[in-house]
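Working through the structure, step by step
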Number of protein chains: 2
Amino acid sequence: MQQNKTIDPGLAGGFRDYLPEDMIPRQKMFDTIRSVFECFGFLPLDTPGIEREEILTGGDPNFRMQIFKTGLREGDEGLALRFDLTVPLARVVSLYSDKLEKPFKRYQMGKVWRGEKPQAGRFREFIQFDADIVGSNRVSADAEIVALMYETLTALNIGQFRIRINNRKILNGLSSFAGYDQALNADVLRSIDKLDKIRWEGVSEELAQKGLTPVQIGKLEQFINLKGESAREIIANLLVLMSESPEAIKGIGELQEIANCLDSLSIPAECWNIDLSVARGLGYYTGPVFETILSDLPSIGSVFSGGRYDDLVSRFGNQNLPSTGASVGVDRLFAAMEKLSLLKKEKTIVKATILNFDKDAEDYCQMIVTSLRKKDIASEIYLGKEAMLKGQLSYAIRQEIPVVIIAGGKEKEKKTAQVKDMRKRIQTEVPFDQITSAVETILTS
Amino acid sequence: MQQNKTIDPGLAGGFRDYLPEDMIPRQKMFDTIRSVFECFGFLPLDTPGIEREEILTGGDPNFRMQIFKTGLREGDEGLALRFDLTVPLARVVSLYSDKLEKPFKRYQMGKVWRGEKPQAGRFREFIQFDADIVGSNRVSADAEIVALMYETLTALNIGQFRIRINNRKILNGLSSFAGYDQALNADVLRSIDKLDKIRWEGVSEELAQKGLTPVQIGKLEQFINLKGESAREIIANLLVLMSESPEAIKGIGELQEIANCLDSLSIPAECWNIDLSVARGLGYYTGPVFETILSDLPSIGSVFSGGRYDDLVSRFGNQNLPSTGASVGVDRLFAAMEKLSLLKKEKTIVKATILNFDKDAEDYCQMIVTSLRKKDIASEIYLGKEAMLKGQLSYAIRQEIPVVIIAGGKEKEKKTAQVKDMRKRIQTEVPFDQITSAVETILTS
């Protein structure tokens, strides 16, 4: 099947490979996230990468996100790749509503795809790791999500971070507070959401373009700049400022309740704050919203975000289930950790390599590797091109393998092997039935 | 964001969801496979689901597999979803040829997509779990793959299975052995590959339609029916039968060498056999080929397959790297285990639920759940609609949660909790600082 034409092995833009030196620490990230999510009582779920397009867009002709369409032939219609794991969750709880106990607490890890412009920390394909509680309208459920975010990021050892909390109900109250038409509100929020990137000057300019008067913009500025020494003080000040908007008052009450819960859940006050500029782009949020900024790399954006979405499930039928959740952007977090030098690249997981330089002793090497594997020691026989012991040893050194075992014809005859501690550079000849324990001793020393 | 139109929550045909009762055992499967693969010294790799289409087809205009094309807009060209993890691996070793130490032993788990006709155990999206050795032409590398297949399936506890081994070089020698044009060989092999499904009558009929003479078909039948008491006897008989085909002789020698290696690697003789009808559909195989049949459910097809592909990497440049590997069809295996009742569905991973029926004690419940989680006990506060203790207890019973903790105002005041062993139906009141150990005692009893 020799090919005549050579194919360029490059990837399409916005996609990336993870080689072992990245995947080894990345997989540790996945394992850590999963263990925290399971500790919080979330159950695993898996759904397909391909969904019917209508599921994803909700049939909304103004759907703004760029999604990847797919089909077997060009022009096939109706299928697309999921852009998050939340919409598929809403579909699942509708489709299996009789089967799933409520509240349904699930976690899911999976690839999602978006037609984003490729830039640092943003890819067209990336892994999300989500936890959601479906079927609970309790504010303590929102607090559980914030606690989960805190415990996960702490377990990941990513340095200082801050969870920013806001409430969509407060933002929905802005139109009556500032005196503009509620129909403009989604557009206004989109501008406010850019505060981190374009500062207040940029935001106010956009608001003026959208037709807001200087007085209205001034009231919004007053809101954005509302300060306080503590969450409690901000809440008190907000209650005064927005006292005439019933919906905002409701949102402020929820903020208060979350703050109380976070105390009981032992979340340190310095790890979260109320940030009135947080809006979150996705349209489905209805109550508390969360995002997380790394203190040493705020520019990379939020690495763990979410909020309450009480109306999304009703898209798929009469049943409505109030829901809340959050999503870790694993690839963005990984990119951040790379940038902050918090990531330890690792060449290998192999603990022992058996050199393989004497064809007549290959069977003996296979017996040795089998005995190591029976004891769960990750091990391999050298299978490469180097025929000589020296070349094979260089491979083991380059790969930073901690133990090398040398077994040629002489050792086979004596039923022994040379076990070499590569860090201490000590080589010992041991009988066959002591090879495993000799390796274990080196690995635990 | 209330929707006016209700969207049907159904999946497209050929796709499936995995709810927690399936995902809990499925994830155990993944963990088991991964731990065996790592024990054999394979390193993790991840590549995108979306590749340039040319990468996948090799630019072959006769490419037979139905692949999912994708793009941001209808009519976008050039991107497609991967149909396996082997072709992307070949791309990776070409693209990063300077960076990757050879032999490159990697494992990868990921979704792949194929436009198959939906049927039992066959999906349009499924997970593969692959292990490959790139850059080794040693037959002992092929034997390592077979040993890995054996150890993985044994660890998965799937009952009896048989790994069928053949060699493409022997199959390539068939044209000279039976006296037909080598150009017909791929087509002949495709018919032989159907032996399990359509028996010899069906195969011979197809061969006649393809223009083979009765004498040629007779020689092929003689080959397919070649028998022997043991692998060694089959090999001896093959050497006689095909003595005039040098390529076949080479393949037979490799079979012999694999057989020797499998002895040294402690693979029981009853778990594998030589099966001359195994061809494997994919075009890229060049040497040993493997597939695995479950003894209690042969009809579901091969659950773990692979082989040697020495020319695939050269598709992407001058460099050529002889390679061998195999792939577990996790979803097919899962479907088989379901059918064979080998799968224990599990409702939950939650070990303790704290009932939450007294609003004034919710903060106290949060303190309890935090202390349990600090000890890595998967636990949750009840967050649902049931206001009364009784309704919440029914939830815990339906979800088969082993420990329930009851803490209302009275317990909060006394700083105690009722810890209930749900299996033994024993309830004990313990002080706050003994709750965790009381739960641990129940869980380990």
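Figured I'd write up the structure that's included with this text. (Residues numbered from 1 in each chain as written. Chains lettered and ligands numbered in written order. Predicted model: local features only at pLDDT ≥ 70, side-chain atom pairs only at ≥ 80, totals over all residues. Heavy atoms only, no water.)

Describing the overall build of chain A
In terms of helices and strands, chain A carries 16 helices and 16 strands. Along the longest, intermediate and shortest principal axes, the C-alpha atoms of chain A span 90 × 55 × 50 Å. Considering chain A as a whole, with its 445 residues, one finds that 62% of them fall into the buried category. Once local pairs closer than 6 in sequence are excluded, the contacts in chain A between residues at least 24 apart make up 67%. When the accessible surface of chain A is summed, it comes to about 17,900 Å², and 49% of that surface belongs to carbon and sulfur atoms. Placing the 58 positive and 62 negative side-chain charges of chain A at their respective mean positions leaves the two points 4 Å apart. (Helix = DSSP H or I, 4+ residues; strand = E, 2+ residues; numbered from the N terminus. Buried < 20%, exposed > 50% of the residue type's maximum accessible area, 1.4 Å probe, protein only. Contact = heavy atoms within 4.5 Å. Areas by Shrake-Rupley, 256 points an atom, 1.4 Å probe, with all protein chains shown as cover. Lys, Arg positive; Asp, Glu negative; His and termini not counted. Charge placed at Lys NZ, Arg CZ, Asp CG, Glu CD.)

Observations regarding the side chain of B:Glu206
Residue and element names in this part refer to chain B. Inspection of the secondary structure puts glutamate 206 in helix H8 (residues 195–209). Owing to a relative accessible area of 17%, glutamate 206 belongs among the buried residues under this scheme. Among the polar contacts listed, one links the side chain of glutamate 206 to the side chain of serine 191, at a separation of 2.7 Å. Contacts of glutamate 206, omitting those with residues within four sequence positions, involve Ser191, Lys194 and Ile198. (Polar contact = N/O pair within 3.5 Å; in protein donor to acceptor, adjacent residues only side chain to side chain.)

Observations regarding the interface of chain A and chain B
Interface size, as often reported, equals the accessible area lost upon joining of the parts. Taken together, the 126 residues of chain A in the interface contact 125 residues of chain B. With both sides pooled, the region where chain A packs onto chain B buries about 10,500 Å², and carbon together with sulfur makes up 54% of that total. Considering only the surface of chain A that becomes buried against chain B, A:Ile7, A:Leu72 and A:Leu383 emerge as the three largest contributors, covering 8% of it. If you look at where chain A meets chain B, you find 20 salt bridges. Two residues, A:Arg91 and B:Asp17, come together in a salt bridge whose shortest N-O distance is 2.8 Å. Here chain A and chain B share 49 residue pairs in polar contact (both at pLDDT 80 or more) between them. Looking at the side of chain A that touches chain B, the element that brings in the most residues is helix H1 (residues 20–39) of chain A, giving 10 residues. Classifying every residue of the side of chain A that touches chain B by side-chain character gives 51 nonpolar, 32 polar and 43 charged. Bridge analysis of strand S3 (residues 69–71) of chain A against strand S3 (residues 69–71) of chain B gives 3 bridges, and the strand direction is antiparallel. Residue A:Thr70 lies in a different strand from S3(B), and its bridge partner there is B:Thr70. (Buried area = accessible area lost by both parts, 1.4 Å probe. Salt bridge = Lys/Arg side-chain N within 4 Å of Asp/Glu carboxyl O. Nonpolar A, V, L, I, M, F, W, Y, C, P; charged D, E, K, R; others polar. Pairing = 2+ DSSP bridges.)

Section: the packing of aromatic side chains
Per the stated rule, a full pass over the model turns up 25 aromatic pairs over all chains. Considering the side-chain rings of A:Phe37 and A:Tyr107, the 6.3 Å spacing of their centres and the 75° angle between planes classify their relative orientation as edge-to-face. Placement of the pair is A:Phe37 in helix H1 and A:Tyr107 in strand S5 (residues 104–113), with a sequence separation of 70 residues. Measuring from ring centre to ring centre gives 5.1 Å for A:Tyr284 and A:Tyr285, while their planes differ by 65°; the resulting arrangement is edge-to-face. In this structure, A:Tyr284 and A:Tyr285 share a single accessibility class: buried. The ring of B:Phe40 has A:Arg373 sitting right over it, with the charged end atom 3.8 Å from the ring centre. The positively charged end of B:Lys219 is found above the aromatic ring belonging to B:Phe177, 4.5 Å away from the centroid. (Phe/Tyr/Trp six-rings, centres within 6.5 Å; stacked < 30°, edge-to-face > 60°. Lys NZ or Arg CZ within 6 Å of the ring centre and 35° of its normal.)

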